Amino acid sequence: MPTTVKELVAAANAAVPRISAADARALHAKGEAVFIDLREPPELAASGTVPGALPIPRGLLEFRADPESPDRNPAFQKPVVITYCASGGRAALAGKLLQDLGYKDVRNLGGFKDWVEAGGEVAKA
């Protein structure tokens, strides 16, 4: 039976734990997590990004996060990976993908707006 995007996102949300913006900010302050901004470049340009976040559009994540990829960013070696996008759907799907690639501590922040509403610092993209 075919699966819908809604079902895929629900399954990903069930597999990838959410992290509150406050907890994400604490990990960011300690430098213990890599933040992955899954939005497209025009989205980042319009609203900014979490300082130091890796801007990796959802469609490129597999190639940038694969431990065997020459394009893998060394920041992926941090103990925690936090994904976010505009509203949380891409972040959930990306988190599940990262788990499938072997990442152990992956968390979904949800949307960038959650970060901003919690007083998170914003950097120009």
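The text that follows walks through the structure, step by step, so that each part is easy to find.

Here we come to the overall build of the protein. Looking only at helices and strands, the protein has six helices and four strands in total. Here the protein has a C-alpha radius of gyration of 14 Å; the compact-globule value for 125 residues is 14 Å, and the two agree. Projected onto its principal axes, the C-alpha coordinates of the protein cover approximately 45 × 30 × 25 Å. Among the 125 residues that make up the protein, the fraction classed as buried is 40%. Surface summary for the protein: the accessible area is close to 6,700 Å², and the carbon and sulfur share equals 56%. Measuring between centres, the 15 positive side-chain charges of the protein sit 3 Å from its 15 negative side-chain charges.

Right, let's get into the packing of helix α1 (residues 5-15) against helix α5 (residues 89-100). A pair of packed helices is characterised by two quantities: the angle between their axes and the separation of those axes. Two numbers describe how α1 lies on α5: the axes approach to 8 Å, and their chain directions differ by 60 degrees. Judged on the interaxial angle alone, α5 and α1 are oblique. As α1 packs across α5, the resulting crossing turns out to be left-handed. Side by side, α1 and α5 meet where Leu8, Val9, Ala12, Asn13 and Ala15 of the first sit next to Gly89, Ala92, Leu93, Lys96 and Gln99 of the second. Per-class residue counts for the contact of α1 with α5 are six nonpolar, three polar and one charged.

Structurally, the position occupied by Thr83 is in strand β3 (residues 80-85). Of note is the side chain of Thr83, whose polar atom sits 2.9 Å from the backbone oxygen of Ala91. If we ignore the near neighbours within four places in the chain, the residues touching Thr83 are Ile36, Leu38, Ala91, Ala94, Gly95, Leu98, Arg107, Asn108, Leu109 and Gly110.

Here the focus is the packing of aromatic side chains. Centre-to-centre distance and the angle between the planes together describe a pair of aromatic rings. Counted by the stated rule, this structure contains three aromatic pairs. Centre to centre, the rings of Phe35 and Trp115 are 5.6 Å apart; their planes meet at 65 degrees, and the pair counts as edge-to-face. Of this pair, Phe35 sits in strand β1 (residues 33-37) while Trp115 sits in helix α6 (residues 112-117); the two residues are 80 residues apart in sequence, bridging distant segments of the chain. Residues Tyr84 and Phe112 carry aromatic rings whose centres are separated by 5.8 Å and whose planes lie at 25 degrees to one another, so their mutual orientation is stacked. Linking Tyr84 in strand β3 with Phe112 in helix α6, this pair joins segments that are 28 residues apart in sequence. For the pair formed by Tyr84 and Phe112, the shared burial category is buried. Positioned above the aromatic ring of Phe112 is the side chain of Arg39, whose terminal nitrogen or guanidinium carbon lies 4.4 Å from the ring centre.

For soluble globular proteins, nonpolar side chains are generally found buried alongside one another. By size, the foremost hydrophobic cluster in this structure holds 18 residues, and its most contacted members are Ile36, Leu61, Phe76 and Leu98. Those elements that place two or more of their residues in this core are β1, α4 (61-65), β3 and α5. Among the elements that make up this core, the one with the highest residue count is α5 (four residues). Among all residues touching Leu61, those that are not within four sequence positions of it are Ile36, Leu38, Ile56, Phe76, Ala94, Leu97 and Leu98.

Basis of the calculations
Residues numbered from 1 in each chain as written. Predicted model: local features only at pLDDT ≥ 70, side-chain atom pairs only at ≥ 80, totals over all residues. Heavy atoms only, no water. Helix = DSSP H or I, 4+ residues; strand = E, 2+ residues; numbered from the N terminus. Rg over C-alpha atoms; globule rule 2.2 N^0.38 Å. Buried < 20%, exposed > 50% of the residue type's maximum accessible area, 1.4 Å probe, protein only. Areas by Shrake-Rupley, 256 points an atom, 1.4 Å probe, with all protein chains shown as cover. Lys, Arg positive; Asp, Glu negative; His and termini not counted. Charge placed at Lys NZ, Arg CZ, Asp CG, Glu CD. Axes fitted to C-alpha atoms, helices over the stretch in contact; angles between N-to-C directions. Parallel < 35°, antiparallel > 145°, perpendicular 65-115°, else oblique. Left-handed = near helix turned anticlockwise from the far one by under 90°. Contact = heavy atoms within 4.5 Å. Nonpolar A, V, L, I, M, F, W, Y, C, P; charged D, E, K, R; others polar. Polar contact = N/O pair within 3.5 Å; in protein donor to acceptor, adjacent residues only side chain to side chain. Phe/Tyr/Trp six-rings, centres within 6.5 Å; stacked < 30°, edge-to-face > 60°. Lys NZ or Arg CZ within 6 Å of the ring centre and 35° of its normal. Core = buried A, V, L, I, M, F, W, Y, C linked by side-chain atoms within 4.5 Å.

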